[in-house]
Amino acid sequence: MANVKMSKKAAAIDMTAMCDVAFLLLTFFILTATAKQQEPLPVDTPASTVQTKLPETDLATITIGKGNVFFDLKGREIRKRTLELMGKKYGVDFTEEEGDKFALMEGFGVPIQNLKSIIAMTSSQRNKPGVQTSIPKDSLDNQLADWIQNARIANIEVDQKELQIAIKGDAKEEYPAIQKVMDILQDQKINSFNLVTGLRGKDF
């Protein structure tokens, strides 16, 4: 009896549904992603093999580069409360609207007397070179110490947690500038803090 050969047809897979899902996911991630903010004081951090991540909350970052010092805080309510405390100390009245804008800002580096004009600017305007100079840290006008102290108070009031400190210094920065900031921290009994570095491969 003769064998009947069945004709074989190539299997076709309809990829329409898969493409729809892929484009929906792509659209979702694009719409929900936030653009990385330009840093007001770009620094080239020293290399390290340590991979410990900084905490997402309850953190203040002190950026040091070219002799300038910038300050940044995590948490909108903490930022607003810190601004309120600093305003009271230095006799600068900030409106509710200015407080809301400050809460959304990135790090800043100006004397508090000039902070109102910085808050009124757009992000691209305030990040232009030369617009922000530095937070004063001299013995006669040590505003950096006051920012740190009031940020610690605000963090305890809002989150009931001790504020953690991170120092982000430029790899080419002179040691005395870093030491000055570390001295300010130690004056406030802060002996434990993070040093921000750039990841590199191991030398073996």
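My aim in this report is to walk through the structure given alongside it, one point at a time. What you see is a predicted model, and the numbers here were worked out from it, not measured in a lab. (Residues numbered from 1 in each chain as written. Predicted model: local features only at pLDDT ≥ 70, side-chain atom pairs only at ≥ 80, totals over all residues. Heavy atoms only, no water.)

## Topic: the pattern of salt bridges
To be explicit about the condition: When a carboxyl oxygen of Asp or Glu is within 4 Å of a side-chain nitrogen of Lys or Arg, the pair counts as a salt bridge. A helix here means a DSSP run of H or I that spans at least four residues, while a strand means a run of E at least two residues long, and both kinds are numbered starting from the N terminus. Each residue's exposure class comes from its accessible area (1.4 Å probe, protein chains only) as a fraction of the maximum for that residue type: buried when under 20%, exposed when over 50%, partly exposed otherwise.
Across all of its chains, the model carries eleven salt bridges by this definition. We note a salt bridge from glutamate 97 to lysine 101, for which the minimum N-O separation is 3.7 Å. In this pair, glutamate 97 and lysine 101 are both assigned in helix H3 (residues 96-104), four residues apart and thus about one turn of the helix distant. For lysine 101, a relative accessible area of 39% gives the class partly exposed. Residues joined by salt bridges that share partners form a network here, namely Arg81, Glu84, Lys88 and Glu157.

## Overview of helix H7 (residues 175-187)
Quick note on the threshold: Here the expected length of a helix is defined as 1.5 Å per residue gap, with one fewer gap than residues. Regarding the arc, it is the one traced by the directions from the helix axis to the C-beta atoms. Contacts between residues were defined by any pair of non-hydrogen atoms, one from each residue, lying within 4.5 Å.
Helix length check: H7, at 13 residues, gives a terminal C-alpha distance of 18 Å against a target of 18 Å (1.5 Å per residue), a fit within 8%. Every buried residue of H7 is accounted for by Ala177, Ile178, Val181, Met182, Ile184 and Leu185. Take H7 and look down its axis: the buried residues cluster within an arc of 150 degrees, on one side only. Along H7, the residues that are exposed and aim more than 90 degrees away from the buried face are Tyr175, Pro176 and Asp187. Where the residues of H7 are buried, they touch strand E2 (59-65), strand E3 (68-73), helix H6 (143-159) and strand E4 (164-169). Following H7 by one or two positions, lysine 189 adopts a phi angle in the positive range, close to 65 degrees.

## Section: the packing of aromatic side chains
Working definition: an aromatic ring pair is given by the centre-to-centre distance plus the angle between the planes. What counts here: In summary, the pairing rule links any two rings of Phe, Tyr or Trp, Trp by its six-membered ring, whose centres are within 6.5 Å, and it sorts them by plane angle into stacked for under 30 degrees, edge-to-face for over 60 and tilted for everything else.
Inspection of the entire model under this criterion finds five aromatic pairs. Ring centres 6.1 Å apart and planes at 25 degrees place the aromatic pair phenylalanine 102 and tryptophan 147 in the stacked group. Of this pair, phenylalanine 102 sits in helix H3 while tryptophan 147 sits in helix H6; the two residues are 45 residues apart in sequence, bridging distant segments of the chain. As far as the burial class goes, phenylalanine 102 and tryptophan 147 line up, both buried. One aromatic cluster is present, formed by Phe71, Phe102, Phe108 and Trp147 through successive ring pairs.

## Thoughts on the pairing of E2
Convention followed: Pairing between two strands requires that DSSP report at least two bridges joining them.
In terms of burial, E2 is a largely internal element, seven of the seven residues being buried. By the alternation rule, side chains of E2 split into Leu59, Thr61, Thr63 and Gly65 and Ala60, Ile62 and Ile64, which are all buried. Pairing of E2 with E4, which is carried by six bridges, proceeds in the parallel orientation. Counterpart to isoleucine 64 in the pairing with E4 is glycine 169. Inspection of the sheet shows E2 paired to E3 by six bridges, in the antiparallel sense. If you follow glycine 65 over to E3, its bridge partner there is asparagine 68. Here E2 hands over to E3 after two residues, with lysine 66 in that stretch at a positive phi of 55 degrees.

## Quick look at the packing of helix H2 (residues 76-90) against H6
Test applied: Axis definition: a line fit to C-alpha positions, over the contact stretch in the case of helices; interaxial angles, taken between N-to-C directions, run 0 to 180 degrees. By the definition adopted for this analysis, an angle is roughly parallel if under 35 degrees, roughly antiparallel if over 145, roughly perpendicular if from 65 to 115, and oblique otherwise. Working rule for handedness: look at the near helix, and if it is turned counterclockwise from the far one by less than a right angle, call the crossing left-handed; if clockwise, right-handed. Residue classes follow a fixed rule: Ala, Val, Leu, Ile, Met, Phe, Trp, Tyr, Cys and Pro count as nonpolar, while Asp, Glu, Lys and Arg count as charged, and any other residue, Gly among them, counts as polar.
Taken N-terminus to C-terminus, the directions of H2 and H6 make an angle of 130 degrees; their axes are 8 Å apart at the nearest point. Classified by the angle between their axes, H2 and H6 sit oblique to one another. Where H2 crosses over H6, the handedness of that crossing is right-handed. Contact residues: Glu77, Ile78, Arg81, Thr82, Leu83, Leu85, Met86, Lys89 and Tyr90 in H2; Gln143, Asp146, Trp147, Asn150, Ala151, Ile153, Ala154, Asn155, Glu157, Val158 and Asp159 in H6. A per-class count over the contact of H2 with H6 returns ten nonpolar, four polar and six charged.

## Quick notes on the environment of glutamine 149
By the secondary structure assignment, glutamine 149 is in helix H6. As a C-alpha pair, glutamine 149 and methionine 86 span 63 residues in sequence and 9.6 Å in three-dimensional space.

## As for the pairing of E4
Spelled out, the test is: The definition of a right-handed crossover adopted here requires that, viewed with the strands pointing away, the path from the first strand over the helix to the second runs clockwise.
Most of E4 sits out of view: five of its six residues are buried. Bridge count for E4 against strand E5 (residues 194-195) is two bridges, and the pairing is parallel. Paired with alanine 166 across the two strands is asparagine 194, which belongs to E5. For the segment spanning E4, H7 and E5, crossover handedness is right-handed.

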